[in-house]
Each structure stands twice: as structure tokens, then as C-alpha cells.
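Coordinate analysis (summary)
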Amino acid sequence: MNTIRVTCAIILREGKILAAQRSETMSLPLKWEFPGGKINKGESEVECLRRELLEELNLSMLIKGRLSNSLFNYGDFTVELIPFIVDYVESEIILHEHRQIGWFTSFELKDLDWAPADVPILQEFLDRTIKMPL
Ligand SMILES: Nc1nc2c([nH]c(=O)n2[C@@H]2O[C@H](COP(=O)(O)OP(=O)(O)OP(=O)(O)O)[C@@H](O)[C@H]2O)c(=O)[nH]1
């Protein structure tokens, strides 16, 4: 089975978390996700995340930690989603691909319609923030 490796960022800013909604024309249209993308050949996970955040949102970041990878089988391919927790670095966000982004509290995040591969990551993140609030 073809597995693609994808990094993504849980971006924190003043107690809120950034989530991005995929556009109508992307795969998984209108699903919410953590921004990021596919790792290119020869690229490290961190290099990939840095590149994708700049390309997609014009956003810089500071890595704080990571969560467990999530494997999800979408039928014709499997995604290995590699999540990092990052701090927002002041920059003007410009949307290049997504329909919209929002800054949400942990509580609000639960109500979004997430890409399936993100669900275990979101759960792990929420379990952590219950023990150690942002
Ligand atoms: N960036 C990102 N991709 C995710 C997440 N969850 C998830 O299942 N994916 C899947 O991971 C794959 C890679 O995402 P991508 O954003 O680089 O995809 P892409 O625009 O290069 O190509 P695509 O639109 O054809 O999928 C996509 O199939 C996407 O649906 C997530 O939280 N963030």
C-alpha cells in the first residue's frame, strides 16, 4: 500500500489553536486540518513543515514539541500524519490554498469537521491540554 508521509502543525497563539479548512477543489474538500503537507524526497520532517507553512500561509514557526504520528488508510493511499506543536511567530498570514483559517479554543476545535487522519491527533492534544492547560 502506498503510504505518504505528511507533516502538520498545531499552532498555538495566546491560548488558541489554528485550524485550516481545505478548499472545495482540494482532496477532502471542506474538511478541517492542521496545516502542513507531504515530505519531499531528501527533506527532513522539520524542513518540510517549515516549507509548507511558508508556502500555504506565509507563516514562520517555533517548534515546541510533537505528538504521536497518525496512520489513516484513505482507500487508495495511506497517510502517515506527523504532528508538531509549534508557537506562532508574528507574521501576516496569507491564505494560498485554504478556504479559511480560524483560531479556536480547545473546546471549539472538537466541533469542527476534521479530516479523519487528524482525529487521533486532536484527541491526544485535547487529553494533554486537560492535564496541562495552554
Ligand atoms: N496538510 C495536511 N494534510 C492532511 C491532514 N490530514 C490529512 O488527512 N491530510 C492529507 O495528507 C495529504 C497531503 O496533504 P497536502 O496538503 O500536501 O496535499 P496536496 O495539496 O499536496 O495534494 P492533494 O490536495 O492532492 O492531497 C492529503 O491527502 C491530505 O488530505 C492535515 O492535518 N494536514
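Criteria and thresholds
Residues numbered from 1 in each chain as written. Predicted model: local features only at pLDDT ≥ 70, side-chain atom pairs only at ≥ 80, totals over all residues. Heavy atoms only, no water. UniProt positions renumbered as here; feature names shortened; annotations may be inferred. Helix = DSSP H or I, 4+ residues; strand = E, 2+ residues; numbered from the N terminus. Phe/Tyr/Trp six-rings, centres within 6.5 Å; stacked < 30°, edge-to-face > 60°. Buried < 20%, exposed > 50% of the residue type's maximum accessible area, 1.4 Å probe, protein only. Lys NZ or Arg CZ within 6 Å of the ring centre and 35° of its normal. Near = heavy atom within 4 Å. Polar contact = N/O pair within 3.5 Å; in protein donor to acceptor, adjacent residues only side chain to side chain. Areas by Shrake-Rupley, 256 points an atom, 1.4 Å probe, with all protein chains shown as cover. 1 Å grid on protein atoms, 1.4 Å probe; cavity = no way out; pocket = protein on both sides within 12 Å on 5 of 7 lines; lining within 4 Å. Sits in = over half its atoms within 2 Å of the grid points. Nonpolar A, V, L, I, M, F, W, Y, C, P; charged D, E, K, R; others polar. Salt bridge = Lys/Arg side-chain N within 4 Å of Asp/Glu carboxyl O.

Those residues carrying the UniProt feature "domain: Nudix hydrolase" (unreviewed entry) are residues 2-127 in this numbering. Helix makes up 21% of residues 2-127 and strand 40%, with an end-to-end C-alpha separation of 31 Å.

A few words now on the packing of aromatic side chains. According to the stated counting rule, one finds five aromatic pairs in the structure shown. An angle of 40 degrees between the planes, with centres 5.6 Å apart, marks the rings of tyrosine 74 and phenylalanine 77 as tilted. Plain terms: the ring middles of tyrosine 88 and tryptophan 103 are 5.5 Å apart, the flat faces sit at 85 degrees to each other, and that makes the pair edge-to-face. Of the two residues, tyrosine 88 sits in strand β7 (residues 78-89) while tryptophan 103 sits in strand β8 (residues 100-104), which places them 15 residues apart along the sequence. Judged by relative accessible area, which is 13%, tyrosine 88 ranks as buried. Aromatic ring contacts, followed pair by pair, group Phe72, Tyr74 and Phe77 into a single cluster. Taking the ring centre of tryptophan 103 as reference, the NZ or CZ of arginine 13 above it sits at 5.1 Å.

What follows deals with the site of the ligand. Taken together, 17 residues surround the ligand, and among them Ser27, Leu28, Phe34, Tyr74 and Asp118 come closest. For the ligand, an oxygen atom lies 3.4 Å from a polar atom in the side chain of arginine 22. Interatomic distance of 3.2 Å between a side-chain N/O atom of glutamate 33 and a nitrogen atom of the ligand. If the ligand stood free it would expose 600 Å²; the protein chains cover 82% of that surface. In a pocket analysis with a 2 Å cut-off to the grid points, the ligand is assigned to the largest pocket. Elements with a contribution of two residues or more to the shell around the ligand: β1 (3-13), β4 (36-38) and β7. Ranked by residue count, the leading element in the shell around the ligand is β4, at three residues. Of the residues assigned to the shell around the ligand, the class counts are ten nonpolar, three polar and four charged.

This part is about the pattern of salt bridges. Scanning the model with the defined rule gives ten salt bridges in all. Put simply, arginine 66 and glutamate 45 hold a salt bridge, and the shortest N to O gap is 3.1 Å. Separated by 21 residues along the polypeptide, arginine 66 in strand β5 (residues 60-66) and glutamate 45 in helix α1 (residues 45-57) bring together distant segments of the chain. One salt bridge in this structure joins arginine 51 and glutamate 52, with 3.2 Å as the shortest N-O distance. Residue glutamate 52 is classed as buried on the basis of its relative accessible area of 9%. Shared partners join several salt bridges into a network, and the residues in it are Arg5, Glu45, Arg66 and Glu80.

By the element assignment, glutamate 80 lies in strand β7. Given a relative accessible area of 19%, glutamate 80 falls into the buried group. A distance of 3.4 Å separates the side chain of glutamate 80 from the side chain of arginine 5, its partner in a polar contact. Within polar-contact distance, the side chain of glutamate 80 engages the side chain of asparagine 69 at 3.1 Å.

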